[in-house]
Amino acid sequence: MFVLTVDQRRSRRDIDRVPELLDRYREHQLIRPFDRTAGDEVQAVSDNADTVVTIALELISTRHWTVGIGIGPVELPLPETTRAGRGPAFEAAREAVNRAKNAPVALAVSGPDPAAAEDAETASTLVALLIDRRTDPGREAVALMARGLSQTDAAEQLKISKQAMSQRLSVAGWHIETAGRTLAARLLDAANTTGSHRP
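Below is a summary of the structure that appears in this document. As the structure is a prediction and not an experimental result, all values here were calculated from the model. (Residues numbered from 1 in each chain as written. Predicted model: local features only at pLDDT ≥ 70, side-chain atom pairs only at ≥ 80, totals over all residues. Heavy atoms only, no water.)

## Details of unusual backbone geometry
At the junction of Leu76 and Pro77, the peptide bond is cis and its omega measures out at -5 degrees in the coordinates. Within the secondary structure, Pro77 is located in the loop between strand E4 (65-71) and helix H3 (88-100). Not every positive phi belongs to a glycine, and Lys159 is a case in point at roughly 60 degrees. Inspection of the secondary structure puts Lys159 in the loop between helix H6 (151-158) and helix H7 (162-172). (Helix = DSSP H or I, 4+ residues; strand = E, 2+ residues; numbered from the N terminus.)

Below is the structure:
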């Protein structure tokens, strides 16, 4: 199981962004949706590594959140509210979010198999760094592709040639990002599997 513990950065000098986050991810495929746990911190529970990677990268890209991903079992049955949940995955997420405050992209992963968790964290960090270093034109091009447009349609919308669109996507590392997201999710799944079989 995966637990996301997310803490708002620089919250004392910013507005309360928790309500917006709760609303944004209300319809996502989560075992337990995001729930405010204390102050400007929220938690959610998921069993889907792809969903976890997507949410974590989206949150980090805003630069408003610190994200900790905890891997491991949870006490069952899960309570109705996320904040009442207990178990090793919740403890790992707490450790991860604290460590993420000093991480390169405000993201950390913790679990029962430290090496496997580190691999998943490294892959996620590399993708986050790739996204963070994009130019505005690159972000715009990738956003259109993420909406399901073809390169031809995206180029028309941006009023540029198909060749220019291809160049923008190449410079933005769009294909690498797609592969990187897949790798990060696979490594999260692997960390979850190896951790669950440890004595």
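## A closer look at the nonpolar core
Judged by nonpolar contacts, the single largest core of 36 residues is most densely connected at Val6, Phe34, Val67, Ile69 and Leu188. Among the elements of the structure, strand E1 (2-8), helix H1 (18-24), strand E3 (41-46), helix H2 (49-62), E4, strand E5 (107-110), helix H4 (114-132) and helix H8 (174-196) are those that each provide at least two residues to this core. Take this core: its biggest share by element is 8 residues, from H2. Excluding anything up to four places from it in sequence, Ile69 contacts Val3, Leu4, Val52, Ala56, Ala93, Ala96, Leu107, Ala108, Val109, Ser110 and Leu188. (Core = buried A, V, L, I, M, F, W, Y, C linked by side-chain atoms within 4.5 Å. Buried < 20%, exposed > 50% of the residue type's maximum accessible area, 1.4 Å probe, protein only. Contact = heavy atoms within 4.5 Å.)

## With respect to the pattern of salt bridges
According to the stated counting rule, one finds 13 salt bridges in the structure shown. When the shortest N-O distance is used, the salt bridge between Arg26 and Asp23 registers 3.9 Å. Asp23 matches Arg26 in its accessibility class, with the two residues each being exposed. Put simply, Arg94 and Glu41 hold a salt bridge, and the shortest N to O gap is 2.7 Å. Placement of the pair is Arg94 in helix H3 and Glu41 in strand E3, with a sequence separation of 53 residues. Taking the relative accessible area as the measure of exposure, Arg94 reaches 33% and is therefore partly exposed. (Salt bridge = Lys/Arg side-chain N within 4 Å of Asp/Glu carboxyl O.)

## A closer look at the sheet that holds strand E2 (residues 32-38)
Across a sheet, strands are paired by hydrogen bonds formed along the backbone, either parallel or antiparallel in direction. Spatial ordering of the open sheet is given by E2-E3-E1-E4-E5, a layout of 5 strands whose pairing is mixed. Only two strands of the sheet have a single neighbouring strand rather than two, namely E2 and E5. Put simply, the sheet's adjacent strands are angled 20 degrees from each other on average, direction ignored. Of the pairings in the sheet, the one linking E1 to E4 comprises 7 bridges and is antiparallel in character. From the neighbouring strand, Gln8 faces E4, where its bridge partner is Trp65. Across the sheet, H3 lies against E1, E3, E4 and E5, angled at about 145 degrees from E4, the strand it touches most. (Pairing = 2+ DSSP bridges. Axes fitted to C-alpha atoms, helices over the stretch in contact; angles between N-to-C directions.)

## Here's the deal with H7
All buried positions along H7 are accounted for by Met165, Leu169 and Ala172. Angular distribution of buried residues about the axis of H7 spans 65 degrees; they occupy a single face of the element. Facing away from the buried side of H7 by more than 90 degrees, the exposed set consists of Gln163, Ser170 and Val171. In the stretch just after H7, Gly173 is the one whose phi turns positive, near 70 degrees. (Arc of directions from axis to C-beta.)

## Topic: the pairing of E2
Pairing of E2 with E3, which is carried by 4 bridges, proceeds in the antiparallel orientation. Bridge pairing links Asp35 to Gln43 in E3. In sequence, E2 turns back onto E3 through a hairpin of 2 residues, with Gly39 there showing a positive phi of about 55 degrees.

## Digging into the side chain of Thr82
Examined against the element boundaries, Thr82 turns out to sit in the loop between E4 and H3. We classify Thr82 as buried; its relative accessible area is 2%. Within the local environment of Thr82, its side chain forms a polar contact with the backbone oxygen of Pro33, the two atoms lying 2.6 Å apart. In contact with Thr82, other than residues within four places in its own chain, are Arg32, Pro33, Asp35, Gln43, Ala44, Val45 and Phe90. (Polar contact = N/O pair within 3.5 Å; in protein donor to acceptor, adjacent residues only side chain to side chain.)

## Some remarks on the packing of aromatic side chains
Counted according to the given criterion, the structure contains 1 aromatic pair. Aromatic pair Tyr25 and Phe34: ring centres 5.8 Å apart, planes at 55 degrees, arrangement tilted. The burial state of Tyr25 is the same as that of Phe34; both residues are buried. (Phe/Tyr/Trp six-rings, centres within 6.5 Å; stacked < 30°, edge-to-face > 60°.)

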